[in-house]
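Listed here are the chains, written in short residue letters.
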Amino acid sequence: MNARRRTRTLLAGCAVAAVLAGTAGVASADTSTPAPGPTGDGAHALCKRVPRIDRRIERALKRLDAGPGTRGSIARLQQRVDNAKKAGHTQIATFLQDRLDFRKSLVTNLKQRQTDLNDVKTWCQAHGGVGKAAS
């Protein structure tokens, strides 16, 4: 009976080793072949998305430039900073001021993207076969 148990244990061990060796070979094969890179610059897809991207940027700028009654606007966040300072909550005011500084830099960034997107729109219209962008 001892011989049978040893044989079963040996066979089970060999089976586990074979399975592990098989998965290790598959795993190493997966990592040795890198994924292929892009074949183009994506101009067609970008030209197709220009109108949607333009609307998103315009909506974001409109919200940021709105008055204190609009959630997400710079004026509303500025009012919150002023209120925190007035109440003597310096830590809250500092936190909100950092958010306000970021939000102001976001306006500059979005305006630059809008300019770049207008150049892309012009390029797309000049290369008519590449997904004309709507004006």
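A short tour of the structure in this document, coming up. If you're wondering where the values come from, they're calculated on a predicted model, not measured in any experiment.

## Quick notes on the overall build of the chain
The helix and strand tally for the chain stands at four helices and zero strands. Along its sequence from the N terminus, the chain presents helices and strands in the succession α-α-α-α. Relative to its 135 residues, the chain shows a buried fraction of 20%. Looking at the chain alone, contacts between residues at least 24 apart form 52% of all its contacts between residues at least 6 apart. Accessible surface for the chain amounts to roughly 10200 Å². Of this, 58% is attributable to carbon and sulfur atoms.

## Some thoughts on the pattern of salt bridges
For the structure on display, the rule yields one salt bridge. Across the salt bridge formed by Asp54 and Lys121, the nearest N and O atoms sit 3.6 Å from each other. Within this pair, whereas Asp54 is found in helix α2 (residues 43–64), its partner Lys121 is found in helix α4 (residues 90–126), the two being separated by 67 residues in sequence. For Asp54, a relative accessible area of 13% corresponds to the buried category. Classification of Lys121 as buried rests on a relative accessible area of 15%.

## Observations regarding the state of the cysteines
Applying the stated criterion to the full structure yields one disulfide. Here Cys47 engages in a disulfide with Cys124; their sulfurs sit 1.8 Å apart. Residues Cys47 and Cys124 share a disulfide whose torsion about the S-S bond is about -85°; that sign makes it left-handed. Taken together, the residues Cys47 in helix α2 and Cys124 in helix α4 connect sequence positions 77 residues apart. Taken as a pair, Cys47 and Cys124 share a single burial class, namely buried.

## What to know about the environment of Arg76
Here Arg76 lies in helix α3 (residues 74–87). You can call Arg76 partly exposed: its relative accessible area is 32%. Distance in space between the C-alpha atoms of Arg76 and Leu100 is 9.6 Å, their sequence separation being 24 residues. For Arg76, the contacting residues outside a window of four places in its chain are Gly67, Pro68, Gly69, Thr70 and Arg71.

## What to know about the nonpolar core
With 14 residues, the main nonpolar core has Ile57 and Leu110 as its most contacted residues. If one sorts the elements of this core by residue count, α2 sits on top with six residues. Excluding residues that lie within four positions of it along the chain, Leu110 makes contacts with Ile57, Ala60, Leu61 and Leu64.

## Quick notes on the environment of Gln79
Within the secondary structure layout, Gln79 lies in helix α3. Gln79 sits in the partly exposed class, given a relative accessible area of 38%. C-alpha of Gln79 to C-alpha of Pro68: the two residues are 11 residues apart in sequence and 7.0 Å apart in space.

## Observations regarding the environment of His127
Along the chain, the position of His127 falls in the segment after α4. Residue His127 is classed as partly exposed on the basis of its relative accessible area of 36%. Counting along the chain gives 80 residues from His127 to Cys47, while the straight-line C-alpha distance between them is 9.9 Å. Polar side-chain contacts of His127 include one of 2.9 Å to the backbone oxygen of Trp123.

What counts, and at which threshold
Residues numbered from 1 in each chain as written. Predicted model: local features only at pLDDT ≥ 70, side-chain atom pairs only at ≥ 80, totals over all residues. Heavy atoms only, no water. Helix = DSSP H or I, 4+ residues; strand = E, 2+ residues; numbered from the N terminus. Buried < 20%, exposed > 50% of the residue type's maximum accessible area, 1.4 Å probe, protein only. Contact = heavy atoms within 4.5 Å. Areas by Shrake-Rupley, 256 points an atom, 1.4 Å probe, with all protein chains shown as cover. Salt bridge = Lys/Arg side-chain N within 4 Å of Asp/Glu carboxyl O. Disulfide = S-S within 2.5 Å. Core = buried A, V, L, I, M, F, W, Y, C linked by side-chain atoms within 4.5 Å. Polar contact = N/O pair within 3.5 Å; in protein donor to acceptor, adjacent residues only side chain to side chain.

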